[in-house]
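Here is what each chain is made of, one letter per residue.
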Amino acid sequence: MTQTYAIHMLGNLNDNIPASDEYLTLNFSPSSSIRKRRWGNYGLSADFLGDYFATFFPGDEDTNSKINRKDAVKAAVSFVANELLENAVKYSNTSSSYPITISLHLYEQKIIFHATNCSNHETSRRYEEFVQELINTDLDKFYTQQLEKTAMGGGGSCMGILTMINDYGAQFCWKFQPVADYSEEVQISVIAHLDV
Amino acid sequence: MEIKTDEYAIWYDSAISTVFVQGFLRLDGMEEYQPIMDLLMSAVDQASTFTLNLENLEFLNSSGISMLSMFVVKIREKGSVQMVLQGSDKVLWQTKSLKNLKRLMPALTLEYN
């Protein structure tokens, strides 16, 4: 039976993305080829995004780190883009006619990532439950709990999201919305802010 | 013991009880990491002191971080193996994420070169 689904917005940000002069969007078909080949393409794309956005930053030595700002941006963008794409695939409906997308918007001190994918209600609900738990629990405690869970072989610990937040300081907004009235599909929209 | 692809290489040097991991690891979920986990466990079975050298591992996705977490917990459960983790302070993900493994095993020695 088809069910209605309201828009749900979660996280410590709103979904507003200010205009920026520099941005890139990549679209992927969720079913254009076998997953193994697509998986390789996501890694390539993440590396490309890292390389591309790093060019806007100086390669000066950082007195507090052995990694200069350009290389730090490259590595952080590549990691975050890769994780967002991997998640978009994991939570994606492979028969969807809507693409998986990722957009990166550049600002002076920040890069905003926006990833979207379409999912079925059940998958979307499970993802939303994880996000609810994440935002309602102490981050340090939740991170340790999920790390122990994954280390003991428990799946679904979402270490990618937790790593982006805990280790890279990324801030998130999640938006779950039906792609159309009475649709079986939910669009999952993930916005991540990364200070650079 | 060795695994080598275009993207990464992993091998065990029994003379120094060290597994080296190099390259870019972004495999699709834990199942794809199983051969690497098997290699690590085989290496640990041969030594009471074990070193995992990640200095030239440029990229590790979150599934790989989960695999490392599982490995550390298996070492912890053995109780008889001293483990040294060698990383690089010139590789961003290592400076960000390796320290978290000490949450699972405080006795783990973490060295940045």
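Residue numbering note: each chain is counted from 1, following its sequence as written. Chains and ligands are labelled by the order in which they are written, letters from A for the one and numbers from 1 for the other. The predicted nature of this model means local features are confined to residues of pLDDT at least 70 and side-chain atom pairs, given and counted, to a pLDDT of 80 or more, with totals for whole chains, interfaces and linings taken over all residues.

Looking at this structure, how should I read the confidence of the model for chain A?
For any part of a model where pLDDT is low, the fine detail of the predicted coordinates should not be relied upon. Confidence scores labelled pLDDT are given residue by residue by the predictor and lie between 0 and 100. Across chain A, the average pLDDT comes to 90, with 96% of residues at 70 or higher. At the level of individual helices and strands, chain A shows its lowest average pLDDT in strand E1 (residues 8–11) of chain A, which scores 87, and its highest in strand E3 (residues 100–106) of chain A, which scores 97. Segments assigned H or I by DSSP are reported as helices when at least four residues long, segments assigned E as strands when at least two residues long, and all are numbered from the N terminus.

How should the confidence of the model for chain B be read in this particular structure?
Residues with a pLDDT of 70 or more make up 100% of chain B, whose mean pLDDT is 95. The complex prediction reports pTM at 0.94, with the ipTM value standing at 0.95.

Any chance you could explain the packing of helix H4 (residues 139–151) of chain A against helix H5 (residues 159–166) of chain A here in plain terms?
The relative placement of two packed helices comes down to the angle between their axes together with the axis-to-axis distance. Residue and element names in this part refer to chain A. Throughout, an axis means a line fitted to C-alpha atoms (over the contacting stretch in the case of helices), and angles, computed between N-to-C directions, take values from 0 to 180 degrees. Where H4 meets H5, the closest approach of the two axes is 10 Å, and the angle between their N-to-C directions is 145 degrees. The two elements H4 and H5 cross, and the hand of that crossing is left-handed. Together, Leu139, Tyr143, Gln146, Leu147 and Thr150 of H4 and Met159, Leu162, Ile165 and Asn166 of H5 make up the contact between the two elements. Ten residue types, Ala, Val, Leu, Ile, Met, Phe, Trp, Tyr, Cys and Pro, are classed as nonpolar, four, Asp, Glu, Lys and Arg, as charged, and the remainder, Gly among them, as polar. Tallied by class, the residues present in the contact of H4 with H5 amount to 6 nonpolar, 3 polar and no charged. With the far helix as reference, a near helix turned anticlockwise by less than a right angle produces a left-handed crossing, and one turned clockwise produces a right-handed crossing. In this description, any two residues whose backbone-derived C-beta atoms lie within 7 Å of each other are considered to be in contact.

Just to check I follow, could you spell out helix H2 (residues 62–78) of chain B for this structure?
Because each turn of an α-helix spans 3.6 residues, side chains separated by three or four positions end up pointing in the same direction. All names here are of chain B. Helix length check: H2, at 17 residues, gives a terminal C-alpha distance of 24 Å against a target of 24 Å (1.5 Å per residue), a fit within 8%. Residue burial here comes from a neighbour count, namely the number of other C-beta atoms, placed from the backbone, that lie within 10 Å of the residue's own C-beta, with 20 or more meaning buried, 12 or fewer meaning exposed, and in between meaning partly exposed. Of the residues making up H2, those classed as buried are Ser62, Ser63, Gly64, Ile65, Ser66, Met67, Leu68, Ser69, Phe71, Val72 and Ile75. In the segment just after H2, Gly79 is the residue with positive phi, at about 75 degrees. By this rule, a helix spans an expected 1.5 Å times one less than how many residues it contains.

Whenever I open this one, the pairing of strand E4 (residues 49–53) of chain B confuses me. Can you help?
Consecutive side chains along a regular strand alternate between the two faces of the sheet. All names here are of chain B. Note: strand E3 (residues 18–25) against E4, 3 bridges, orientation parallel. Bridging from a neighbouring strand, Phe20 pairs with Asn53 of E4. The rule for pairing is simple: two strands pair if DSSP sees at least two bridges between them. Bridge analysis of E4 against strand E6 (residues 82–87) gives 5 bridges, and the strand direction is parallel. Counted as the bridge partner of Leu52 is Leu85 from E6.

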